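One letter stands for each residue in the lines below.
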Amino acid sequence: MQSEKELSVWTRQLTMLSILLLLASVAWAGSKYKVLYSFKGGNDGIDPHGNLVFDAAGNLYGTTAQGGGTSECHGQYEGCGIVFQLEPRSSGQWKENVLYSFPNGSTGGVGLEGNLALDAAGDVYGTAYWGGNDFEGTVFELTPGSGGWTEKTIYAFCQSGCDNGASPASGVIFDDAGNLYGTATAGGTEGNGVIFKLTPSKAGWTESALYNFCPDNNCSGGWYPWGLTRTANGDLYSTTTYGGNLFWPCTPGDGCGAVFKFSPKSGDYAALHRFDGRDGAFPNSAVVLDNEGNVYGTTVNDGVFGCGTVFQISPKAGGGWTYNVRYNLRTTASAGSLAIDSAGDLYVAGSGIVGGTCQNQANGEIFRLTPKAQGHWQYTGVHTFGSGAQPGSGLIFDSQGNLYGTAATGGAYGYGFVFEITP
């Protein structure tokens, strides 16, 4: 017969074991990772870039920077890129449909790396960094029909000089009235990029440059802009890779980049923060905002470990903005824009291919940052990619809270893939 003391010890041990098993089961079920589609190369697409986008039916749309053909594209790429759709099936598999392949010598576009936008009719809009009669970039539209999808260039940059911009790199977004907004990384009256607007009419689309970067000739507000994020009142937010602080330790004349806000209604432009290297440098993606108006984004260089930073910019009650570094990346650099969930957690896609002082690792990763007390943020690894795979875009959520993104390399055939993560 066991003594009462022995039974008590045994009971406590069983209780602890049950708790450990419960915690283990919760952790094991924490994140589910699934490859939805691996690109096969050639006509199928190579090197997916740009954030994915959903339509109302749950189909995913995206672009690849190469592929769509087996011949060289302007002597540089294996194909000029494709626009693709991934269609979910009842079996749990996803079927890829190539909506359009940009042919070699295409005036419609080359260099598909920006985000797509969809209108209510199901038409798809995007930008090409090159293309057009002057090869300075285009905005294109894909329209579905009974015989497939039809591509149309709705605006080609530099048709009569480049004062309205050149080389768009980040796609376009809609406002409530059906106008398109985007950025061009070059051109404009100062040659350092523009924020542009495309207005539809029965006669077509009319482009106008709303803001020219570097109007003060010293680029303190930044230059080389990225994709726009629009708020409910119509304000536009984003980052610039260069400009801002033009002094050491930033490259003289280039700067470390800036975060900006632009109002299409008033035309007012404000640099919310100018990076100085110690707090990060060279942001190269869009920002996200939470319900309180805080702005979140990433830089890809400098910071404490040289891999860049995750930052927060908060509006002050009396006006102005406060900048804080929320996380210094250690082994990977951000591959694109953040995703923010309903609880305020941030999700980051990190690429392991980095240089400088960053202690790079071979594989990319997805991680979560959770806000804690006194401004601290907790890091949690969500997924580490294998076989040298690297994220090629930012992340998006579906209505169920699942994460989606792309890897520019890796997959079953080595040409990149689309993935899903259930946190």
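Residues numbered from 1 in each chain as written. Predicted model: local features only at pLDDT ≥ 70, side-chain atom pairs only at ≥ 80, totals over all residues. Heavy atoms only, no water.

Caption draft 1: Region of the structure containing unusual backbone geometry. With a phi angle near 65°, cysteine 158 is a residue other than glycine that sits in the positive phi range. Residue position: cysteine 158 is located in the loop between strand S11 (148–156) and strand S12 (172–174). (Helix = DSSP H or I, 4+ residues; strand = E, 2+ residues; numbered from the N terminus.)

Caption draft 2: Representation of the sheet that holds strand S9 (residues 124–128) in the model. Overall, antiparallel pairing links the four strands, which are arranged S8-S9-S10-S11 in an open sheet. Taken across any chain shown, the strands that pair with only one partner, and hence form the sheet edges, are strand S8 (117–118) and S11. In this sheet, strand S10 (residues 138–145) lies alongside S9 in antiparallel orientation, the contact comprising five bridges. Across the sheet, the residue bridging to valine 124 is leucine 142, located in S10. (Pairing = 2+ DSSP bridges.)

Caption draft 3: Representation of the side chain of glutamate 365 within the structure. One can find glutamate 365 in strand S28 (residues 365–371). A polar atom in the side chain of glutamate 365 sits 2.8 Å from the side chain of tyrosine 379. Those residues in contact with glutamate 365 that sit more than four places away from it in its chain are Thr331, Thr332, Val348, Ala349, Gly350, Tyr379, His383, Thr384, Phe385 and Pro391. (Polar contact = N/O pair within 3.5 Å; in protein donor to acceptor, adjacent residues only side chain to side chain. Contact = heavy atoms within 4.5 Å.)

Caption draft 4: Quick peek at the pairing of strand S27 (residues 346–351). Across the six residues that make up S27, a large majority, six, are buried. What you see with S27 is no split at all: Leu346, Val348 and Gly350 on one side and Tyr347, Ala349 and Ser351 on the other are buried throughout. Bridge count for strand S25 (residues 333–334) against S27 is two bridges, and the pairing is antiparallel. Bridge assignment links alanine 333 to a residue of S27, and that residue is serine 351. The sheet contact formed by strand S26 (residues 339–340) and S27 spans two bridges and is antiparallel. The residue bridging isoleucine 340 from the neighbouring strand is leucine 346, located in S27. Following S26, the chain reverses through five residues before pairing antiparallel with S27; glycine 344 in that reversal takes a positive phi of roughly 90°. Pairing between S27 and S28: five bridges, direction antiparallel. Note that in S28 the partner of valine 348 across the bridge is phenylalanine 367. (Buried < 20%, exposed > 50% of the residue type's maximum accessible area, 1.4 Å probe, protein only.)

Caption draft 5: Quick peek at the state of the cysteines. Scanning the entire structure with this criterion turns up two disulfides. Across a sulfur-sulfur distance of 1.9 Å, cysteine 158 and cysteine 162 are joined as a disulfide pair. Between cysteine 158 and cysteine 162, the S-S dihedral sits near 125°, and the bridge is therefore right-handed. You can call cysteine 162 partly exposed: its relative accessible area is 28%. Between the sulfur atoms of cysteine 214 and its disulfide partner cysteine 219 the distance amounts to 2.0 Å. One quick way to see it: the torsion about the S-S bond of cysteine 214 and cysteine 219 is about 110°, and its sign makes the bridge right-handed. (Disulfide = S-S within 2.5 Å.)

Caption draft 6: Examining the sheet that holds strand S7 (residues 94–101) more closely. Reading across from one edge, S2-S3-S6-S7 is the order of the four strands in this open sheet, with antiparallel pairing throughout. Each edge of the open sheet carries a strand with a single partner, namely strand S2 (46–54) and S7. Each strand of the sheet is rotated relative to its neighbour by a mean of 25°, with strand direction disregarded. In the sheet, S2 pairs with strand S3 (residues 60–66) via five bridges, with the strands oriented antiparallel. When the sheet's bridge partners are listed, proline 48 is paired in S3 with threonine 64. (Axes fitted to C-alpha atoms, helices over the stretch in contact; angles between N-to-C directions.)

Caption draft 7: Geometry of the pattern of salt bridges. Following the criterion strictly, the structure yields five salt bridges and no others. Of the charged contacts in the structure, one is a salt bridge between glutamate 87 and arginine 89, with a shortest N-O distance of 3.8 Å. Residue classification places arginine 89 among the partly exposed residues on the basis of a relative accessible area of 40%. Of the charged contacts, one joins aspartate 176 and arginine 230 as a salt bridge, the two residues approaching to 3.8 Å between their closest N and O atoms. (Salt bridge = Lys/Arg side-chain N within 4 Å of Asp/Glu carboxyl O.)

Caption draft 8: A look at the packing of aromatic side chains. A complete count under the given rule lists 36 aromatic pairs for this structure. Centre to centre, the rings of tyrosine 224 and tyrosine 242 are 6.0 Å apart; their planes meet at 80°, and the pair counts as edge-to-face. Of this pair, tyrosine 224 sits in strand S16 (residues 223–225) while tyrosine 242 sits in strand S18 (residues 236–242), and the two are 18 residues apart along the sequence. Residue class for tyrosine 242 comes out partly exposed when judged on its relative accessible area of 27%. By the ring-pair criterion, three or more aromatic residues cluster together here, those being Tyr211, Phe213, Phe260, Phe262 and Tyr269. (Phe/Tyr/Trp six-rings, centres within 6.5 Å; stacked < 30°, edge-to-face > 60°.)

Caption draft 9: Quick peek at the environment of tryptophan 149. For tryptophan 149, the location among the structural elements is in strand S11. Residues within four places of tryptophan 149 in sequence aside, it is in contact with Tyr61, Leu99, Gly122, Val124, Leu142, Thr143 and Pro144.

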